[in-house]
Structure formats: C-alpha cells, structure tokens
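# Per-entry structural report
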Amino acid sequence: GGLTQAEVAGMLAGLDRRAFCAGMLCEAGEWVYLRRVTHLLFVHTLEIATEERWNLPRGPGQLQDLVHLALLEATGPTVTCAVCLGSGGTAAPGDPTRKSCDLCEGSGRVPRTQRSRADLVDVSEQQWHRVWKHRYRAVFGELMNWISDARSHLARQLRARRQVRA
C-alpha cells in the first residue's frame, strides 16, 4: 500500500526546509505546503534577482509570475512526454548512459510552448527568449532540485525500511 502523509513527513524529517516542503507537496499531496513552497521559491528568486540586478518593469509581480509558472509546470496537470515516456531521460540502444530528454528538458512532461510561458509572465516572446528564459530555467531548476532531494531522501528511507523488515 501507499504511505500515509504522516509516514512521508516522518521519512522526510531532517531534510532542508525547502526540500521537506517540496516533498510534502509533491510526494504526500499535502496542498497546504503549496503556500510554503511558493513563498520559499519567491524568496529564492528575489535573492537571485537582487544579486543579478534584474530589471523588473512590473515589479516583484513578475517574479511571482515566474514562481507560479515553475510550480505549475512542476506540480500541475500534465501530458507525459512521448519521447522519454515520462522518465525525463533517454538512452541510445546499446548505450547505458542516459541523457536528459531533449523535448521535455528532463521533466518527463510535455513542456509548455515558449509563447505560453511568455504569456504567463506577461512579456513578449522576444523578451522571453532574450531575458526571461534563462531566469525561468534557474527558478524551475531550483524547485526541481528541492523535489529531487526529497525524492532521493524518501527512496533511501524506503530502502532502509525494507532492509530492516527483511
């Protein structure tokens, strides 16, 4: 059977707060953590924007839009990538080395178009390609790192749990 939310929380205990909250959101389905993850990712994004002196014509709302886009793509409804079948990686026949899927950029999901991403952040497609695309990748990448840390930690805890029972 599946794990309860309390069991997932116990297994994620000891993780960095960001990875713990992302894990509770994505692995335990605890939607109360959506607000926490949104806040943590916004603070992270604001730190980057301040450090790199991003020009924000619409103010911090643009950062919030970037955070919402990353959360939508990481946790929202999706269509599985037809190239990697949702695994996020591909390997050539006879080659055990996996590489990140070119179509979904390792997410396992059919990506939104660049046009739709630009629309969600309220910038032109040209501005998206020139300025916002790399910013988005940094924000999305950080969120995926938190989720990955939580999933790796959870997998280690599950392996340890199985070994104790064996």
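In this report, we go over the structure that sits alongside the text.

Each value, and the rule that gives it
Residues numbered from 1 in each chain as written. Predicted model: local features only at pLDDT ≥ 70, side-chain atom pairs only at ≥ 80, totals over all residues. Heavy atoms only, no water. Salt bridge = Lys/Arg side-chain N within 4 Å of Asp/Glu carboxyl O. Helix = DSSP H or I, 4+ residues; strand = E, 2+ residues; numbered from the N terminus. Axes fitted to C-alpha atoms, helices over the stretch in contact; angles between N-to-C directions. Parallel < 35°, antiparallel > 145°, perpendicular 65-115°, else oblique. Left-handed = near helix turned anticlockwise from the far one by under 90°. Contact = heavy atoms within 4.5 Å. Nonpolar A, V, L, I, M, F, W, Y, C, P; charged D, E, K, R; others polar. Phe/Tyr/Trp six-rings, centres within 6.5 Å; stacked < 30°, edge-to-face > 60°. Buried < 20%, exposed > 50% of the residue type's maximum accessible area, 1.4 Å probe, protein only. Core = buried A, V, L, I, M, F, W, Y, C linked by side-chain atoms within 4.5 Å. Expected span 1.5 Å × (residues − 1).

## Concerning the pattern of salt bridges
Going through the model one piece at a time under the given rule, you end up with eleven salt bridges. Where Glu142 meets Arg18, a salt bridge forms, and the shortest distance between an N and an O atom there is 3.9 Å. Of this pair, Glu142 sits in helix α6 (residues 125–165) while Arg18 sits in helix α2 (residues 17–27); the two residues are 124 residues apart in sequence, bridging distant segments of the chain. Salt bridges here are not isolated pairs; linked through shared partners, they connect Asp16, Arg18 and Glu142.

## Focus: the packing of helix α4 (residues 61–75) against α6
For the pair α4 and α6, the least separation of the axes is 9 Å and the interaxial angle reads 55°. Taken together, α4 and α6 sit at an angle that is classed as oblique. In this structure, the crossing between α4 and α6 has a hand that is right-handed. The residues of α6 that touch α4, namely those facing Gln62, Leu66, Val67, Leu69, Ala70, Leu71, Glu73 and Ala74, are Trp128, Trp132, Arg135, Tyr136, Val139, Phe140, Leu143, Met144 and Ile147. A per-class count over the contact of α4 with α6 returns 14 nonpolar, one polar and two charged.

## Comments concerning the packing of aromatic side chains
Note on aromatic pairs: each is described by the distance of the centres and the angle between the planes. Under the definition given, this model contains four aromatic pairs. Look at Trp54 and Trp132: their rings are 6.3 Å apart centre to centre, the planes differ by 70°, and that puts the pair in the edge-to-face class. Highlighted residues: Trp54 in the loop between α3 (33–51) and α4 and Trp132 in helix α6, separated in sequence by 78 residues. Neither residue differs from the other here; Trp54 and Trp132 are each classed as buried. Look at Tyr136 and Phe140: their rings are 5.6 Å apart centre to centre, the planes differ by 25°, and that puts the pair in the stacked class.

## Topic: the environment of Leu40
Assignment of secondary structure puts Leu40 in helix α3. Taking C-alpha positions, Leu40 is 9.1 Å from Cys21, a pair spaced 19 residues apart along the chain. Ignoring anything within four residues of it in the chain, the contact list for Leu40 reads Arg17, Arg18, Cys21 and Trp146.

## Side note on the nonpolar core
Core analysis: the largest hydrophobic core is formed by 37 residues, its most contacted members being Leu41, Leu66, Trp128 and Leu143. Where this core is concerned, the elements lending two or more residues are α1 (5–12), α2, α3, α4, α5 (114–121) and α6. Excluding anything up to four places from it in sequence, Trp128 contacts Leu66, Leu69, Gln114, Arg117, Ala118, Val121, Val123, Lys133 and Tyr136.

## Some words on α3
For α3, with 19 residues, the first-to-last C-alpha span of 27 Å sits near the 27 Å given by 1.5 Å per residue. Here α3 has its buried residues at Tyr33, Val37, Thr38, Leu40, Leu41, Phe42, His44, Thr45, Ile48 and Ala49. Looking at the buried positions of α3, the neighbouring elements they touch are α2, α4 and α6. Immediately beyond the C-terminal end of α3, within one or two residues, lies Arg53, with a positive phi of roughly 55°.

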